[in-house]
4 protein chains.
Amino acid sequence: MNIRAGRLKKKMNRYAASFTSSLEFDKRIFEADVDCNIAHCTMLAAEGIIEQEDADKIINSLDELKKAGIEALDLDPSVEDIHMAVESYVTQKIGDVAGFMHTAKSRNDQVATDLRLVLVREIEEIEHDILKFIDNILKMAEIHTETVMVGYTHLQHAQPTTFAHHLLAYANALKRDYERLKDAYNRVNMNPLGSAAMTTTSFNINRELTTELLGFHGLMKNSIDAVSSRDFAAETVFCLCMLASTLSKICEELINWSSYEFGILEISDEFSSTSSIMPQKKNPDLAEITRAKTAVLYGELMTVMTILKALPHSYNRDLQEITPHLWNAVDTSKSMVNIVNKMLFTIKIDKNRLKDLATSNFSTATELADVIVREKNVPFRVAHKIVGRMVMHALENDITPGEIGSKFLDKIAQDLIGENLDLKDEIIQKALDPYENILMRKTVGGPSPDTVKSAIAELNAFLDKEQS
Amino acid sequence: MNIRAGRLKKKMNRYAASFTSSLEFDKRIFEADVDCNIAHCTMLAAEGIIEQEDADKIINSLDELKKAGIEALDLDPSVEDIHMAVESYVTQKIGDVAGFMHTAKSRNDQVATDLRLVLVREIEEIEHDILKFIDNILKMAEIHTETVMVGYTHLQHAQPTTFAHHLLAYANALKRDYERLKDAYNRVNMNPLGSAAMTTTSFNINRELTTELLGFHGLMKNSIDAVSSRDFAAETVFCLCMLASTLSKICEELINWSSYEFGILEISDEFSSTSSIMPQKKNPDLAEITRAKTAVLYGELMTVMTILKALPHSYNRDLQEITPHLWNAVDTSKSMVNIVNKMLFTIKIDKNRLKDLATSNFSTATELADVIVREKNVPFRVAHKIVGRMVMHALENDITPGEIGSKFLDKIAQDLIGENLDLKDEIIQKALDPYENILMRKTVGGPSPDTVKSAIAELNAFLDKEQS
Amino acid sequence: MNIRAGRLKKKMNRYAASFTSSLEFDKRIFEADVDCNIAHCTMLAAEGIIEQEDADKIINSLDELKKAGIEALDLDPSVEDIHMAVESYVTQKIGDVAGFMHTAKSRNDQVATDLRLVLVREIEEIEHDILKFIDNILKMAEIHTETVMVGYTHLQHAQPTTFAHHLLAYANALKRDYERLKDAYNRVNMNPLGSAAMTTTSFNINRELTTELLGFHGLMKNSIDAVSSRDFAAETVFCLCMLASTLSKICEELINWSSYEFGILEISDEFSSTSSIMPQKKNPDLAEITRAKTAVLYGELMTVMTILKALPHSYNRDLQEITPHLWNAVDTSKSMVNIVNKMLFTIKIDKNRLKDLATSNFSTATELADVIVREKNVPFRVAHKIVGRMVMHALENDITPGEIGSKFLDKIAQDLIGENLDLKDEIIQKALDPYENILMRKTVGGPSPDTVKSAIAELNAFLDKEQS
Amino acid sequence: MNIRAGRLKKKMNRYAASFTSSLEFDKRIFEADVDCNIAHCTMLAAEGIIEQEDADKIINSLDELKKAGIEALDLDPSVEDIHMAVESYVTQKIGDVAGFMHTAKSRNDQVATDLRLVLVREIEEIEHDILKFIDNILKMAEIHTETVMVGYTHLQHAQPTTFAHHLLAYANALKRDYERLKDAYNRVNMNPLGSAAMTTTSFNINRELTTELLGFHGLMKNSIDAVSSRDFAAETVFCLCMLASTLSKICEELINWSSYEFGILEISDEFSSTSSIMPQKKNPDLAEITRAKTAVLYGELMTVMTILKALPHSYNRDLQEITPHLWNAVDTSKSMVNIVNKMLFTIKIDKNRLKDLATSNFSTATELADVIVREKNVPFRVAHKIVGRMVMHALENDITPGEIGSKFLDKIAQDLIGENLDLKDEIIQKALDPYENILMRKTVGGPSPDTVKSAIAELNAFLDKEQS
């Protein structure tokens, strides 16, 4: 069975055959391709387009192939692709009657169908992995609702928070990554089969039936669009880029925080490496590679999108080149989410260090300004200036937050507004205490332990709904 | 009002101030920023956090500013950004009481809120423009349900179709672009206000109230995530990239088809340019620039995504650099969709040329193979080979499709399968007639006039639903 | 030999080991790694840092390994990378004395050295392939110095040229691609060995000696930079992107020109494919895949550059992730240049079609305007307007260039400037003759056959120089 | 003067005119465009193609325009571009004789010439700025040849070095960025003028003369290539991406090192900002924005390269869209290099903190292993394991490097190799002393003060050569 034999006189050049062959990455769609052929033949027979007897022979042979697995196929580059390899197999088994299986079908609609069938399953798996990761984060958060730490803006100490509150920032980002993928899924889960080369067929096929047999949610409504469009691939890769971006953020923090200087956490030995020359080293390689693989995802997206730019209708062979990048994006992001999930669970948090950092460097200054506003009814801007100047003086004179009292504050206030604030020392010290800060931040989305517990409960309810 | 005066001793370096200033692109969020301040102050007073009297003064001043417009602001680079410029304005008008407006609010949550407020409106506009474009395409398609043309794969003649059927491929892609944007919209339309710097605030604010006042659909559930995340920007830009990709496909076809060689259509003079040196030239510049601007969109996405990679929590100034690229993506894609919409409507189709192309180059060969399958019950593969060989001989001997008859076909059949097909000449000629081909392709998604009319009706129903 | 056994207590997690392993793509640097070890040990012994006897044992073992090939290594993921696998092999063969080979060397400097060693060879090969391609283009150009064709701007007919002149546009672009790669080569061909982990070593090593032994042109002058920098990889990938971009331009033209509508050329059957459903199809798949693979190169560049962004000194594991993308860029572009070279040589040019296109659509209008300027001394702008109007009238009235005479032109001239031009018919017809146009374009860089022959000679001289 | 008036019947649609207008970014090439016209007219007269008298009128008018500046032009979108605006100006001043200036010239070759003329100047400026930056770094390095610090791999403590040695890593990377730009410069500095629309012209022009008049180093050797190619733009943007990448690395370190946790340096107030809500904040905004702008450069490169992909010959309007991205890349990178240069000079290094970090966390462990190799002639792998285990025990028992002695080490050695090492305490302590480590690393490229001084001298010699 050589489709070239009619129209063309020469075999394809050997280098060209290898350059154009998609067999390497077609392996991934082997099962889907067989299923697609079975569904198509079932439909052809049901509609009386081919004889039931012929269909049965073909389908039996396909069932056997499925059991035998891809190894049963001849995958020489000259075979071009998996579709031809499957057809060849059936032809070898049952003879020319196999030729009926390509009735009313083209590789153009078939490959689009195969890709979508496999991608549907892959997205479901990644969705599942994201939910599992969120679930683990929530379990970790439950333990750390009282673990005080300093939050950062510009990598500088900003305000006190808890590790649980911080973990929920991860969970919320992952939830959006999940929802985005779910939206993409709806656009992936559509059946192009029956579009044939690009204009459907004069055979009276039944596209609703193959849609049902293959388990798609709907069918593509224009045959030219059905064989030409790969925005479903670009969108999936984009969603995985965003997921990777979230993971890279987490990994950046693991890298920073496990440095000697931060000293906030330690990644377990199982997820660390050492150096071949420096005996003392313990390195966060997993986090670094995850960070780098985010760039790999970005590159894949750029490839897919650039292939699609200004490509005229309908099918062009350029589209074939999208496939390996789609699969690489899927595999890479899947391994990333699972590795980060596992690794995050091994970290050992140094609560004392976290508390020290939250206490020693004026991360509570905002609260002091707020207290001045509330107690003395001065505008926030004035309070902000007084506290800012106070911090500057404290740093210059090595005065720690714990040493700040009414007198020190009033000296600044006199300078700046010409009057004392007369705040009691204990009010000042309460404002400057990180745990007190956290307790007071009860606003929705904030770090107070109770607020965080409610947030965890809400996210658990979300997980329950999605996993049911 | 100089927020530096507390903590820092020196003014920012002049070059540094200009390098970091966001004022140029902040102009876009001016109104949103004022609205956001009004909503925030309204809430602060409603919750008793600031005096109603003070709130009124601030709000009145903000109302005046809104009327006066951005020109009323001092936009010197040393002012840093629009938030400070607005606060400065109010301070100048009502004095230190203005300082209360920054209570329980940070630029971190405010800028996120402003961006989302403006983006919500922009997405609505682009959605509207896409629907308008689809509407125009449908109107054009209604006229061309019988306009026979050849469809292409690999830029080679594939199978006959109609111009209406081809236009519906555009419409279906645009429909997905629209739906993708709608999904993104849901993630944009969320309120971060109240997150303050990153941990909310100890003031007892009411985030539900500001959410309602600003018209958001919901509020962001974690304050660290709320001020740090810009995936909403990346996702919007990605959706616009996909829209641009669809437009670039249309433009590529306009460029190809208006070439002398294709000669299928002519773009109107109003959407063409000439040459400064070659007097005979008429060029499709609009289509070319649209094609190129697709690459601009891609570049913006790469920028936004690369900024986000491995950025630790929470707010970092890097995020500021995302904004101009978001707006450029919005403006560019909006102008693209409107230009392509207008331009497409000016084209003049050469129906005779279209018909000639569909008739003269064996684009109906698939149908002839299908007829052989149906009439003679030979496997498709065999029929494919016979017809392929027939085309090869016809091209070599300058025989046109109109000259193909039973005798010619049987000579090939004898060669290849050792027997005649005995197909009548009129059956062969019917199979090779492009219009007959189209009439027979009634499968859902196919080009037969009735099928296309149903598809148009379905898309019109979709438009009605979305526009209601 | 397990480098983890000192500092870390647990083996690496199985998934983590597989996630971080570079063994798959390390295979590529196997020989370089062995060579690098040999050079390093040779130097260590020469400088008296290790015993000559120990060095000999190690080197002998490495020589054996080189002969045995990579299959001799244990490549289990737990081995981490090729460096450890090689060291393990030697250790197994000669025992603990193997441990001396890692003296004064780290994987950080070694991997950088290995990559550069291999890349130097790869660039040389690609340079050679580009020169070979240029050589073929020049041979083809020699045949076509009189093959008249129309040149395009905006895919519209612009001015007459020859196919040889057009081919030289390819050759000039490829020449720049070659020169760019040569510049990059100089930055690749530098020796980082001896930088060890990042600060060199207290052993008294001789970096000049290893530089000489490994054949590098020079050595890297700062050890931190030497182990951290991968701009050499990014630059190489960029150069390959530009090469791919040139090839994509050629392929786009092959695709357009082999369409039925252009009908300018035919790609040979050996470099074409057909369709599984449409028996008449002959498709330019090779050109399409080359076009798409250009996007793959772009994606790889984006990946490499994004990994490098904001990565602090010195070595980070992120760098490992660059390697497979470098090799993929190398392999992909190498196959692309060779395929396009081969394919271009199989095309069959339709000279009659080329001439018809050059003659029938006023591509010579510029020359007519130039003649009016020269003969009548009117400003070019006036001549441009007259000829532009003339073309408009001719198209509207189906008048071909061959029918244009003095009378027709003067009617337009009267309309526009109120006087006749009184150009003789033969002068007008000469101006409108494409071959005459070409003969007159003798300016350096232009299409006249003699000018093109000089250009070919100049390029041949360049090839001779580079290949000597 | 309306070039449309000949061939086209209608004015361009208003939106289309605005969509296609390049006037906004053409401003940048205004002077170059005038210079180019002057050179071209000078040549036309010198070759007798136009009358000297007419040329003089045109050139005088152009000189006046140059003095008057771009404000003298009518820049309405309907004017299309700067070339037409300039021609319009001259026409208005001297009448129809202005029409001669477009003889033998097209906007296609002119715009390519203008872009290259301006870019040549811009590259020279950036090259100068890079050299200035290197010069400053060397000055800073001279001061810090004895400033001991810890070097990092994987953001973990690796080995002791000096701040000067680290600064030289910056200098070496910048030197490559400079050299890369110099290579690109050679490909930019080529004259396309005289290529006209794409095939040169039948006028007997002198391209060598305009090349000389405009100061180009050479001329482009194929007219189709000359008007079509923009790889010079892509290459320049790539070089700027690499420069930005170097700057982003520096900024990442400034951000990390100015964190409270690292506490290694403080950026001056002039290059810092504070927070609108958190009074204590001092943020490294300049470094963050530089880091983000690196992504902007990357996006611009992706845009330029994607526009170029698969664009057929010769000029297509897509090329226009490259220009603003080229200029944005130029302006952005220029401001980045100058800001980082200035900012780096304001940092205050905390030498005590640097020394503490170098001393307290076993960054000298490699040296101890090396000493064991040298003194006891055990293989490095064995020494590596002993020291690794020693560090593990020390960390678990809170033993600092300063407390390590012979006894402690031998306990480990006994465990692992069954014998004592019997290294004297002072040898151990010398090996563990960071300053001693540095003194011993005298290998080329290493951190010893003398080695670094030589490296500085070598770089200073390079600067002298380049700046002369």
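Rules used in this analysis
- Residues numbered from 1 in each chain as written.
- Chains lettered and ligands numbered in written order.
- Predicted model: local features only at pLDDT ≥ 70, side-chain atom pairs only at ≥ 80, totals over all residues.
- Heavy atoms only, no water.
- Least-squares fit on C-alpha atoms with pLDDT ≥ 70 in both.
- Contact = heavy atoms within 4.5 Å.
- Salt bridge = Lys/Arg side-chain N within 4 Å of Asp/Glu carboxyl O.
- Polar contact = N/O pair within 3.5 Å; in protein donor to acceptor, adjacent residues only side chain to side chain.
- Helix = DSSP H or I, 4+ residues; strand = E, 2+ residues; numbered from the N terminus.
- Nonpolar A, V, L, I, M, F, W, Y, C, P; charged D, E, K, R; others polar.
- Buried < 20%, exposed > 50% of the residue type's maximum accessible area, 1.4 Å probe, protein only.
- Pairing = 2+ DSSP bridges.
- Buried area = accessible area lost by both parts, 1.4 Å probe.
- Domains from an automatic or database assignment.
- pLDDT = per-residue confidence, 0-100.
- Axes fitted to C-alpha atoms, helices over the stretch in contact; angles between N-to-C directions.
- Parallel < 35°, antiparallel > 145°, perpendicular 65-115°, else oblique.
- Left-handed = near helix turned anticlockwise from the far one by under 90°.
- Phe/Tyr/Trp six-rings, centres within 6.5 Å; stacked < 30°, edge-to-face > 60°.
- Lys NZ or Arg CZ within 6 Å of the ring centre and 35° of its normal.

What follows deals with the relation of the copies chain A and chain B. Mapping chain A onto chain B calls for a rotation angle of 180° and an axial translation of 0.0 Å; the resulting RMSD is 0.0 Å. Between the two chains, the operation in question is that of a two-fold axis. Scanning chain A for the C-alpha nearest the rotation axis identifies A:Asp183, at a separation of 3.4 Å.

Time to look at the interface of chain D and chain B. Taken together, the 61 residues of chain D in the interface contact 61 residues of chain B. Viewed at the interface, chain B and chain D are joined by eight salt bridges. Scanning the region where chain D abuts chain B turns up 26 residue pairs in polar contact (both at pLDDT 80 or more). Where the side of chain D that touches chain B is concerned, the elements lending two or more residues are helix 1 (14-20), helix 11 (285-308) and helix 12 (322-344) of chain D. Element by element, the count of residues in the side of chain D that touches chain B is highest for helix 11 of chain D, at 16 residues. The residue makeup of the side of chain D that touches chain B, split by class, is 24 nonpolar, 18 polar and 19 charged.

With that settled, consider the side chain of D:Asn256. Mapped onto the elements of the fold, D:Asn256 is located in helix 10 (residues 231-257). Setting aside residues up to four positions removed in sequence, D:Asn256 forms contacts with A:Leu155, A:Asn256, C:Pro312, D:Leu155 and D:Phe262.

Residue and element names in this part refer to chain A. By the element assignment, phenylalanine 408 lies in helix 16 (residues 406-417). The spatial distance from the C-alpha of phenylalanine 408 to the C-alpha of aspartate 33 is 77 Å, given a sequence separation of 375 residues. The residues touching phenylalanine 408, leaving out its near neighbours within four places in the chain, are Met390, His393, Ala394 and Ile399.

Residue and element names in this part refer to chain D. In terms of residue burial, strand 1 (residues 148-153) counts as a mostly covered element, since six of its six residues are buried. Both strand 1 and strand 2 (residues 156-162) contribute to a ladder of six bridges, which runs antiparallel. Note that in strand 2 the partner of threonine 153 across the bridge is glutamine 156. Linkage of strand 1 to strand 2, two consecutive antiparallel strands, is achieved through a turn of two residues, within which histidine 154 is found at a positive phi near 55°.

Below, the discussion takes up the interface of chain A and chain B. Contacts between the two partners involve 111 residues from chain A, matched on the other side by 111 residues from chain B. Carbon and sulfur atoms supply 59% of the area buried between chain A and chain B, which totals about 9700 Å² over both sides. At the boundary of chain A and chain B, one finds 16 salt bridges. Across the pair B:Asp183 and A:Arg187 runs a salt bridge, and its minimum N-O distance is 2.8 Å. Taken together, chain A and chain B are joined by 50 residue pairs in polar contact (both at pLDDT 80 or more). Grouping the constituent residues of the side of chain A that touches chain B by class yields 46 nonpolar, 35 polar and 30 charged.

Per the domain assignment, the segments making up chain A are domain 1 (14-103), domain 2 (115-193 + 221-350) and domain 3 (357-456). Computed from C-alpha coordinates alone, the two centres of domain 1 of chain A and domain 3 of chain A are separated by 73 Å.

Confidence along chain A averages 95 in pLDDT terms, with 100% of residues attaining 70 or more. Interface predicted TM-score (ipTM) for the complex: 0.96; the corresponding pTM is 0.97.

The linkage connecting C:His313 with the following residue, C:Ser314, adopts the cis geometry, with an omega of -15°. For C:Ser314, the position within the fold is in the loop between helix 11 (285-308) and helix 12 (322-344). In this model, A:Asn377 sits at a positive phi of 50°, which is unusual for a non-glycine residue. Here A:Asn377 shows up in the loop between helix 14 (365-376) and helix 15 (380-396). Phi is positive for C:Ala104, which is not a glycine, with a value near 60°. Within the secondary structure layout, C:Ala104 lies in the loop between helix 5 (82-94) and helix 6 (107-143).

Okay, the pattern of salt bridges next. Two side chains bearing opposite charge may form a pair once their charged atoms approach each other closely. Counted according to the given criterion, the structure contains 128 salt bridges over all chains. Residue C:Arg291 pairs with C:Glu252 through a salt bridge whose shortest N-O separation is 2.9 Å. Of this pair, C:Arg291 sits in helix 11 while C:Glu252 sits in helix 10 (residues 231-257), placing them 39 residues apart in sequence. The pair formed by C:Arg291 and C:Glu252 is uniform in burial state, with each residue classed as buried. Notably, a salt bridge pairs C:Glu266 with C:Lys282, separated by 2.7 Å at the nearest N-O pair. Of this pair, C:Glu266 sits in strand 5 (residues 265-266) while C:Lys282 is found in the loop between strand 5 and helix 11, placing the two residues 16 residues apart along the sequence. Using a relative accessible area of 36% as the deciding quantity, one classes C:Glu266 as partly exposed. Each of the salt bridges in this network shares a partner with another, and the network as a whole consists of A:Arg176, A:Asp177, A:Arg180, A:Asp183, B:Arg187, B:Asp225, B:Asp231 and B:Glu235.

Tracing the backbone through its elements, the reader meets D:Asp285 in helix 11. In this structure the side chain of D:Asp285 is engaged in a polar contact, spanning 2.3 Å, whose partner is the side chain of B:Arg317.

Residues and elements named next belong to chain B. Between helix 6 (residues 107-143) and helix 12 (residues 322-344), the shortest axis-to-axis distance is 10 Å and the interhelical angle comes to 15°. Here helix 12 runs roughly parallel to helix 6, going by the angle between their axes. Helix 6 and helix 12 meet at a crossing whose hand is left-handed. Taken together, the residues of helix 12 that come into contact with helix 6 (itself represented by Leu115, Val118, Leu119, Glu122, Glu125, Ile126, Asp129, Lys132, Phe133, Asn136, Ile137 and Met140) are Thr323, Leu326, Trp327, Val330, Ser333, Lys334, Val337, Asn338, Val340, Asn341 and Leu344. The residue makeup of the contact of helix 6 with helix 12, split by class, is 13 nonpolar, five polar and five charged.

Attention now moves to the packing of aromatic side chains. One pass over the full model with this rule turns up 16 aromatic pairs over all chains. For the pair D:Tyr152 and D:Phe262, a centre-to-centre distance of 5.8 Å together with 55° between the ring planes defines the contact as tilted. Taken together, the residues D:Tyr152 in strand 1 and D:Phe262 in the loop between helix 10 and strand 5 (265-266) connect sequence positions 110 residues apart. Both residues of the pair, D:Tyr152 and D:Phe262, count as buried. An aromatic cluster of three or more residues is present, and its members are A:Tyr152, A:Trp257, A:Phe262, D:Tyr152, D:Trp257 and D:Phe262. When the ring centre of A:Tyr15 is taken as origin, the NZ or CZ atom of C:Lys342, which lies over that ring, is 4.4 Å away. The ring of D:Phe462 has D:Lys175 lying over it, and the distance from NZ or CZ to the ring centre is 5.0 Å.

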